[in-house]
Amino acid sequence: MLKLAVIGKDVSKSLSPSMHHFILKAMGESCSYDKISIPPEEFSARAEKLFEAYDAFNVTIPFKGDIIPYLKELKGDALSFGAVNTVLSKERFGFNTDGYGFLLMLENAGVEVAGKTVLVLGAGGAGRSCVKKLIEAGAKVSVYERSKERLQSVYEEFGGFTPLDEIPLKAFNIIVNCTGIGMHDTVGKSPVGEDLLALCNTAVDLIYEPEESEFLRLARGLNKKTVNGAAMLFYQAYMSDCIYLGKKPSAAQAKELWNHYREEGI
């Protein structure tokens, strides 16, 4: 049985345990899966113990970059994203499955990105992943990030997008919320208003708790297509589990498992 966990600032409402249990069971494996909330000021003191306590673990906000100094090697997308969400403890290898999950979520929701104008809000760990994948998929990407230093850093690293120091009131095909606005202590708030959402076609929120954020509620009220982040979380969890088991991922299998997961209402 695999000993797994998810770590983050507040993972008390995380769906990761149920998703990983479901996926691994379907793959013929069992696991224990802990939720570990760590105050940011305690991360450095507790990080080393994670490698001893777990076979592997997932990393979420705000530690996707903080975990990197404790790793021996970054693999795949983690190299280009500069962020890690999946760790193999024994090897101290870091991976990032967010991009895989993000694009598969959009594909499964019928959201075309090639040639489309996309506004990404936030360039943190998840935002970086989404920006990189959108550029690779042929989207015309603009990125707004409150931290000018972070935005400049991402632009210098990736290029290929339009950096914004303020959110313009103009039409975009897709707006993607990669900020944490709308969850935890900001529930009921939206990173943008109806005036901007009225000009877009699709609103995508990486937040999955609450199921409908204020951002998505406003968009739905304007008859826009909305996508929440639950499917992305499931698909990146699937990719992580393939890494844990040394199996090659299959988009068809991932979609089939997601449909079964939703049907069972776990």
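I will try to describe carefully the structure that is included in this document. All chains use their own residue numbering, which begins from 1 and follows the written sequence. Only residues with pLDDT of at least 70 are given local features in this predicted model, and only at 80 or more are side-chain atom pairs given and counted; all residues enter the totals for whole chains, interfaces and linings. Excluded from the side-chain calculations are hydrogens and water; all other atoms, namely the structure's heavy atoms, are used.

Helix and strand content of the protein: 10 helices and 12 strands. Throughout, the radius of gyration refers to the C-alpha atoms, and the reference size of a globule is 2.2 Å times the residue count to the power 0.38. Whereas a compact globule of 266 residues would reach a radius of gyration of roughly 18 Å, the protein reaches 18 Å, a difference of no more than 12%. For the protein, the C-alpha atoms occupy an extent of roughly 50 × 40 × 35 Å along the three principal directions. Residues counted as buried form 50% of the 266 residues belonging to the protein. By the convention used here, residues are in contact when the closest approach between their heavy atoms is within 4.5 Å. Taking as baseline every contact in the protein between residues at least 6 positions apart, the subset at least 24 positions apart corresponds to 64%. Taken as a whole, the protein presents about 12,200 Å² of accessible surface, with 48% of it coming from carbon and sulfur. Helix and strand definitions here come from DSSP, where helices need a minimum of 4 consecutive H or I residues and strands a minimum of 2 consecutive E residues; each element is numbered from the N-terminal end. Working definition: with a 1.4 Å probe on protein chains only, accessible area under 20% of the residue-type maximum means buried, over 50% means exposed, and in between means partly exposed. For the area figures, the Shrake-Rupley method with a 1.4 Å probe applies, and any residue is considered shielded solely by the protein chains shown.

This next bit is on the pattern of salt bridges. Throughout this description, the term salt bridge denotes a Lys or Arg side-chain nitrogen within 4 Å of a carboxyl oxygen of Asp or Glu. All told, the structure shown has 12 salt bridges when counted by the stated rule. The partner of glutamate 136 in a salt bridge is lysine 133, and the shortest N-O contact between them spans 3.6 Å. Here lysine 133 and glutamate 136 lie together in helix H5 (residues 125-136), a separation of three residues that amounts to about one turn. Judged by its relative accessible area of 13%, lysine 133 is buried. Note that glutamate 212 is salt-bridged to arginine 220, the shortest N-O span being 2.6 Å.

On to the pairing of strand E10 (residues 174-177), then. Neither face of E10 is left uncovered, since the one carrying Ile174 and Val176 and the one carrying Ile175 and Asn177 both have all their residues buried. Bridge analysis of strand E7 (residues 117-121) against E10 gives four bridges, and the strand direction is parallel. Paired with valine 120 across the strands is valine 176, a residue of E10. We call two strands paired when DSSP finds no fewer than two bridges between them. Note that E10 and strand E11 (residues 202-205) share four bridges and pair parallel. Note that in E11 the partner of asparagine 177 across the bridge is aspartate 205.

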